[in-house]
Amino acid sequence: MKLKNLTTYIISAILAFAVLYIAVGNLYSGQKNTKTNFALNTYTTITAYGKDSKRASENAASVVADVEARFSAYIDSSEISHINAVQAKDTPIHISDELFYIIKTALDYSHISGGLFDITLKPVSDLWSISQNPRLPSQSEIDKALEHTGYENIILNEQDKTITFLKDGMQLDLGAIAKGYGADLASEEILKNGTKKAIIDLGGNICLIGTNKTPLGAFLDKCFKTDNKKPWRIGIQTPFAPSGTSCAVISVENEDSSKTSVVTSGAYERNFTENGVLYHHILNPKTGYPYNGEIESVTIIGESSMHADALSTTSFMMDIDDALTLVKKQGYDALIIDKDKKIHTTLDKSSVEIVDSLYSFAD
Ligand code: ADP
Ligand code: MG
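Everything in this summary refers to the structure shown in the same document. (Residues numbered from 1 in each chain as written. Chains lettered and ligands numbered in written order. Predicted model: local features only at pLDDT ≥ 70, side-chain atom pairs only at ≥ 80, totals over all residues. Heavy atoms only, no water.)

Bringing the overall build of the protein into the picture now. A tally of regular secondary structure across the protein gives ten helices and 17 strands. The C-alpha extent of the protein, read off along each of the three principal axes, is 90 × 45 × 35 Å. The burial tally for the protein puts 50% of its 363 residues in the buried class. When contacts within the protein are restricted to residue pairs at least 6 apart in sequence, those whose partners lie at least 24 apart make up 60%. (Helix = DSSP H or I, 4+ residues; strand = E, 2+ residues; numbered from the N terminus. Buried < 20%, exposed > 50% of the residue type's maximum accessible area, 1.4 Å probe, protein only. Contact = heavy atoms within 4.5 Å.)

Here it is, written out as structure tokens:
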């Protein structure tokens, strides 16, 4: 073959391949669509891929907005605010099935954590007001507020779907679990819309839906009945570094039509400093002060975002080994960063890439 002919042949082949790639890309992914919002006290980003991506991302975003409207303690018309307004003991309050389910799940985590996870801390967290007007409350203010807390003072009646408080002045705050619940509902909505690939990010509360294949990869798999898995790669935020800085990257394998949640809790997320002391938003129910332990951040990896959310907040307040054991027992994985920049994980180390040399595995 003459050189000129060979060149023409190669160029034609490249062009044909490019056209096929674009055509297949359009067929299998269409386009991607990103919907950003501010909901549940955080920036939310929902990115869906495929031909129905616009509808899917918009519907999923309105599901999240609905969860906020119903379950935020800071929206006067929400169901939670309705409960919080009662403030009288021994008064059964009727609640929706969904809210009953969320509270029941939250109480399960209170039980398994010996009371560290506690959705009744609102009287105390309102004093700290970390997200609005942060301030250091006085000891007597904290002591007084603590008198109106305690998960053990909640009675749920499964049959009547009621909640009863055993103390006056009790109020609920679902801040440690509602984002997870919202991400789970949003994922269901994405799948209901026929979308096969999406990322839901509710302020670091991430849900990965489907496989991370390129359109061509998906096409080739379909034609040749192969399975060229391409894991999702998720950066783990470096504690106290600017948002978006990662100290490690984890690879997450996820199947078609299923989801994996990656949820992080950390002292660096919402805080203020006074007289050189850092005060953050995860409170020790026993003292009413921010929990001061060995952990700087906890990331939980697993199916349900609601469970991962509750587990991340719970684990933050535990000893590292106990936290790893609990998370494993619940069927989830954990990646914990301690204050000495050591990484403890139940994940296979081959799926964790440390990208900041200041950090290393604990063993
Ligand atoms: P983020 O909201 O930053 O994702 P978390 O999921 O860890 O963080 O939840 C922290 C929120 O949960 C706090 O802002 C507060 O509303 C509430 N909270 C604080 N301390 C506790 C606790 N011990 N148990 C349950 N909820 C808590
Ligand atoms: Mg949480």
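So, next bit.
Moving on, we get to the packing of aromatic side chains. This structure, assessed with the given rule, holds nine aromatic pairs. For the pair W128 and F272, a centre-to-centre distance of 6.4 Å together with 45 degrees between the ring planes defines the contact as tilted. Linking W128 in helix α5 (residues 122–128) with F272 in strand β11 (residues 271–274), this pair joins segments that are 144 residues apart in sequence. By relative accessible area, which is 0% here, W128 ends up buried. Judged by centre distance (5.5 Å) and plane angle (75 degrees), the ring pair of W128 and Y289 falls under edge-to-face. Of this pair, W128 sits in helix α5 while Y289 sits in the loop between β12 (277–280) and β13 (295–302), and the two are 161 residues apart along the sequence. Here a set of aromatic residues connected by ring pairs shows up, and it is made of W128, F272, Y279 and Y289. Sitting above the plane of the F100 ring, K161 keeps its charged end 5.2 Å from the centroid. Positioned above the aromatic ring of F361 is the side chain of K349, whose terminal nitrogen or guanidinium carbon lies 5.3 Å from the ring centre. (Phe/Tyr/Trp six-rings, centres within 6.5 Å; stacked < 30°, edge-to-face > 60°. Lys NZ or Arg CZ within 6 Å of the ring centre and 35° of its normal.)

Those protein atoms acting as donors to the magnesium ion (ligand 2) are A176 (O), D309 (O), D309 (OD) and T313 (OG1), and they sit at 2.0 to 2.6 Å. On the primary sequence, the residues serving as donors to the magnesium ion (ligand 2) are separated as A-x132-D-x3-T. Taken together, the residues D309 and T313, both in helix α9 (residues 305–316) and four residues apart, mark about one turn of the helix. (Donors = N, O, S within 2.8 Å, 3.2 Å for Na, K, Ca; no water.)

Moving on: the side chain of T44. Counting through the fold element by element, T44 comes out in strand β2 (residues 42–50). Judged by its relative accessible area of 4%, T44 is buried. Among residues more than four places away in sequence, those in contact with T44 are K35, T36, N37, F38, A39, D201 and L202.

Examined bridge by bridge, β2 and strand β6 (residues 197–202) share six bridges and lie antiparallel to one another. The residue of β6 that forms the bridge with A48 is A198. Sheet topology note: the β6/strand β7 (residues 205–209) ladder contains five bridges and is antiparallel. Across the sheet, I200 pairs through a bridge with C207, a residue of β7. Joining the antiparallel neighbours β6 and β7 is a turn of two residues, in which G203 adopts a positive phi near 55 degrees. (Pairing = 2+ DSSP bridges.)

Quick look at α9 now. Taking 1.5 Å per residue, twelve residues should reach 16 Å; α9 reaches 16 Å between its end C-alpha atoms and fits that length. With eleven of twelve residues buried, α9 lies mostly within the body of the structure. Taken together, the buried positions of α9 are S305, M306, A308, D309, A310, L311, S312, T313, T314, S315 and F316. One side-chain oxygen of the residue at the start of α9 lies 3.2 Å from the amide nitrogen of M306, identifying that residue as S304. (Expected span 1.5 Å × (residues − 1). Polar contact = N/O pair within 3.5 Å; in protein donor to acceptor, adjacent residues only side chain to side chain.)

All right, on to a nonpolar patch on the surface then. A cluster of nonpolar residues, L6, Y9 and I10, forms a patch on the protein surface that exposes about 300 Å² of accessible area. For L6, the position within the fold is in helix α1 (residues 3–28). (Patch = residues over 30% accessible without salt bridge, like charges linked within 9 Å, V, L, I, M, F, W, Y side chains within 5 Å. Areas by Shrake-Rupley, 256 points an atom, 1.4 Å probe, with all protein chains shown as cover. Salt bridge = Lys/Arg side-chain N within 4 Å of Asp/Glu carboxyl O.)

Three or more residues of helix α10 (residues 320–329) are buried, namely I320, A323, L324, L326 and V327. Seen from one end, α10 has its buried residues packed into an arc of 165 degrees, which puts them on one side. Facing away from the buried side of α10, by more than 90 degrees, are the exposed residues D321, T325 and K329. Tucked inside the fold, the buried residues of α10 contact α4 (97–112), β13, α9, β14 (333–338) and β15 (342–345). Following α10 by one or two positions, G331 adopts a phi angle in the positive range, close to 85 degrees. (Arc of directions from axis to C-beta.)

Bridge count for strand β1 (residues 31–39) against β2 is nine bridges, and the pairing is antiparallel. Residue T36 lies in a different strand from β2, and its bridge partner there is T45.

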